[in-house]
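Here is how the chains run, residue by residue.
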Amino acid sequence: MASLHLLATLLLILGYGRSVIAHIIDEASHQTTHYSSNNMIIPNHTYRPSFHFLPSKNWMNDPNGPMRYKGMYHLFYQHNPKAAVWNTAIEWGHSISKDLVNWFPLQPALTPNQPYDIKGCWSGSITILPNQKPFILYTGIDHNNHQTQNLAIPKNLSDPLLREWVKLPNNPLMKPTLGNKINVTSFRDPTTAWLGHDGFWRVIVGSQENEKGIAILYKSKDFLHWIKAKHPLNSAKKSGMWECPDFYPVSTKGKIGIETSVDGPQVRHVLKVSLYDTSHDYYLIGTYDTTKDVFVPDEKGFDKDELYLVQRYDYGKFYASKTFYDGAKKRRVLWGWINESSVQQDDEKKAWSGIQAIPRTVWLHESGKQLIQWPIAEIEKLRGHHVKLHSKVLKPGTLLQVSGVTPAQADVEISFQVSKLENAQELNPSWKLDPQILCSQKAKGGFGLLVLASKGMQEYTSVFFMIFKTNKKYVVVMCSDQSRSSLNHKNDLTTYGAFVNVDPAHEELSLRILIDQSVVESFGGKGKACITSRVYPTLAINDKAHLHAFNNGTLHVKITRLSAWSMKKAKVN
Ligand code: DQQ
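All values derive from a computational prediction rather than experimental measurement.

Draft legend 1. Geometry of the pattern of salt bridges. Considering all chains together, one arrives at 33 salt bridges under this definition. A salt bridge links E378 to R331, with the nearest nitrogen and oxygen atoms 2.7 Å apart. Of this pair, E378 sits in the loop between β28 (371-375) and β29 (383-394) while R331 is found in strand β24 (residues 331-338), placing the two residues 47 residues apart along the sequence. Pair check on accessibility: E378 and R331 agree, each one buried. In this structure, the salt-bridge partner of D411 is R512, at a minimum N-O distance of 2.7 Å. With D411 in strand β31 (residues 409-419) and R512 in strand β37 (residues 509-516), this pair connects stretches of sequence that are 101 residues apart. The burial state of D411 is the same as that of R512; both residues are buried.

This is how it looks when you write it as structure tokens:
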């Protein structure tokens, strides 16, 4: 490495000078480190997504306070402006968009500069109060690392872009005290507030008491004075810290979204928590009992022992998510943070870390038992060249190359019909019903798509279905296998899995994948199961990547429809 640095310096001295950027291959990590003329590291674009949201450089984690305001979408996000790693400089980055696809960066909305947030402006939410007043509630970290909830409002409401925000002199509005016994280092991430019939605003804040995870409920008449309710909205004895809770109504009729304060006979509620101990987002559907002010889930809660039975938005990388109600399109939109799979050293070299998933419209499935997620329709305007295929049988052992699109930047939809299901693999009753284990340990063939594959198949990521039979029914599992995704074995190469609640005897199995350089975001069963992964191939990059459909199992599989589009680049920050 030392000699490479010497070479770079030499090039600069030799007068390749100010405009020249030396590209130096770091053989160990297969990464290209880019040095500018003044030896500053500049972002490496090899793995940089082209249509996912990320800041121009450095670290990003949770989405904060997403909203639509006066015809403009706003996204705030946890951003470290100084480095590609997380630290106490965390501020609220801020970008705006007309279409949720192309984004324009603004100045940070909140930076750590007050005694109560000097060690970081952590996550929070926005509530739009009557008369179009957006209020930010966020967590501040004080010099003792204690966590408090604080309010910030736009400096100038006549600025449609809401560029500047001011923190209220009354802050902090909620804090741990000897009286309320709240855990001082586990009290964070206030939700969007909702208004009850009694005229009180309510908000929940994530917390923990020993092993017990809690959604502490606060109430307020004026948004300034908050009183902790006697009972939490919900809790679970053995679940650890609940980060970034989200609580919202969903309609029992159709895809339409509902504003956060709406309640009524055709409404169910969703409680989502981001479990610190597992780094996954889990949700429960249930009833919001407004007389007791508690949430009663239909199924068991978030207790650790049975967590693998609790539904997740995404069975890959997707954390600290947050929804907002988009009144213009009458939909609820979900944002979630996708972290890197690379080691920190590589993130520092590429000078950026963390992206947001493509925003997803979320609604309750007609069964009432699960949510459905689908990429917002606007992303389809990036679709360019299109190839399609109808009715193609994929015999066991077939690999079918899909040509004509840019395989490292594509949107692909495929549907399969499966016959001779009696040949499906038996689901052994002694196996734990954990789809991730089935995908990583019990996978004997499957059918689906191979993405970001190198010509000689030294690298590929496979996203596929497996069908198991039991004495009563068929069980469909969707897998996203990263184990062969990169020759760089320092990356996280975990295999992910999710059950897909479809009956292959009567329904087609559909898969949509958004491929974006290092992102593989997959939606199975028309949005019933989602798996997002991050991969960093060393050979299968840009036009050296390939896309295939495959059937590696014993079942008779027919592709009933395949559509693939090259995706254009979005303008992102
Ligand atoms: N990230 C924030 C916290 C939150 C965590 C800090 C979740 O507010 O609990 O950056 O990723």
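Draft legend 2. Structural view of the side chain of S518. On the secondary structure map, S518 appears in the loop between β37 and β38 (519-524). Only 2.7 Å separates the side chain of S518 from the backbone oxygen of Y47, close enough to count as a polar contact. Discounting residues that sit within four places of it in the chain, S518 has contacts with Y47, P49, S533, R534, V535 and Y536.

Draft legend 3. Fine view of the sheet that holds β29. An order of β29-β41-β31-β37-β38-β39 is seen for the 6 strands of this open sheet, with the pairing classed as antiparallel. Each of the sheet's edge strands pairs with one partner strand only, and the pair in question is β29 and β39 (529-534). The sheet shows a mean angle of 15° between the axes of neighbouring strands, direction not considered. Note: β31 against strand β41 (residues 556-567), 10 bridges, orientation antiparallel. Considered in β41, the bridge of I414 is made with L562.

Draft legend 4. Structural view of empty space enclosed by the protein. For the structure on display, the rule yields 3 cavities of 30 Å³ or more. Lining the largest cavity are 13 residues, with F51, F53, L100, W103 and P359 positioned closest to its centre. Among the residues making up the lining of the largest cavity, the classes are represented as 11 nonpolar, 2 polar and no charged.

Draft legend 5. Spatial organisation of the pairing of strand β15 (residues 212-220). For β15, the tally of buried residues reaches 7 of 9 residues, placing the bulk of the element in the interior. Following strand β14 (residues 201-209), the chain reverses through 2 residues before pairing antiparallel with β15; N210 in that reversal takes a positive phi of roughly 50°. Sheet topology note: the β15/strand β17 (residues 234-236) ladder contains 3 bridges and is antiparallel. Across the sheet, I214 pairs through a bridge with S235, a residue of β17. With 2 bridges joining them, β15 and strand β16 (residues 227-228) adopt antiparallel strand pairing. Within β16, the residue paired with K219 across the bridge is I227. In textbook terms, the turn of a hairpin is the stretch between consecutive antiparallel strands, and for β15 and β16 this stretch comprises 6 residues, one of which, F223, has a positive phi near 75°.

Draft legend 6. Broad picture of the site of the ligand. With respect to spatial proximity, the complete set of residues near the ligand consists of N61, D62, Q78, W86, W122, S123, R188, D189, E243, Y319, A320 and W337. Within the side chain of D62, an N or O atom sits 2.8 Å from a nitrogen atom of the ligand. A distance of 2.6 Å separates an oxygen atom of the ligand from a polar atom in the side chain of Q78. Its free accessible area being 310 Å², the ligand has 94% of it covered by the protein chains. In this structure the site holding the ligand corresponds to the second largest pocket. If you list the elements that add at least two residues to the shell around the ligand, you get β4 (58-69), β8 (121-129) and β23 (319-326). Looking at side-chain class alone, the shell around the ligand contains 5 nonpolar, 3 polar and 4 charged residues.

Cut-offs and rules
Residues numbered from 1 in each chain as written. Predicted model: local features only at pLDDT ≥ 70, side-chain atom pairs only at ≥ 80, totals over all residues. Heavy atoms only, no water. Salt bridge = Lys/Arg side-chain N within 4 Å of Asp/Glu carboxyl O. Helix = DSSP H or I, 4+ residues; strand = E, 2+ residues; numbered from the N terminus. Buried < 20%, exposed > 50% of the residue type's maximum accessible area, 1.4 Å probe, protein only. Polar contact = N/O pair within 3.5 Å; in protein donor to acceptor, adjacent residues only side chain to side chain. Contact = heavy atoms within 4.5 Å. Pairing = 2+ DSSP bridges. Axes fitted to C-alpha atoms, helices over the stretch in contact; angles between N-to-C directions. 1 Å grid on protein atoms, 1.4 Å probe; cavity = no way out; pocket = protein on both sides within 12 Å on 5 of 7 lines; lining within 4 Å. Points joined across faces, edges and corners; volume = space filled by probe spheres on them. Nonpolar A, V, L, I, M, F, W, Y, C, P; charged D, E, K, R; others polar. Near = heavy atom within 4 Å. Areas by Shrake-Rupley, 256 points an atom, 1.4 Å probe, with all protein chains shown as cover. Sits in = over half its atoms within 2 Å of the grid points.

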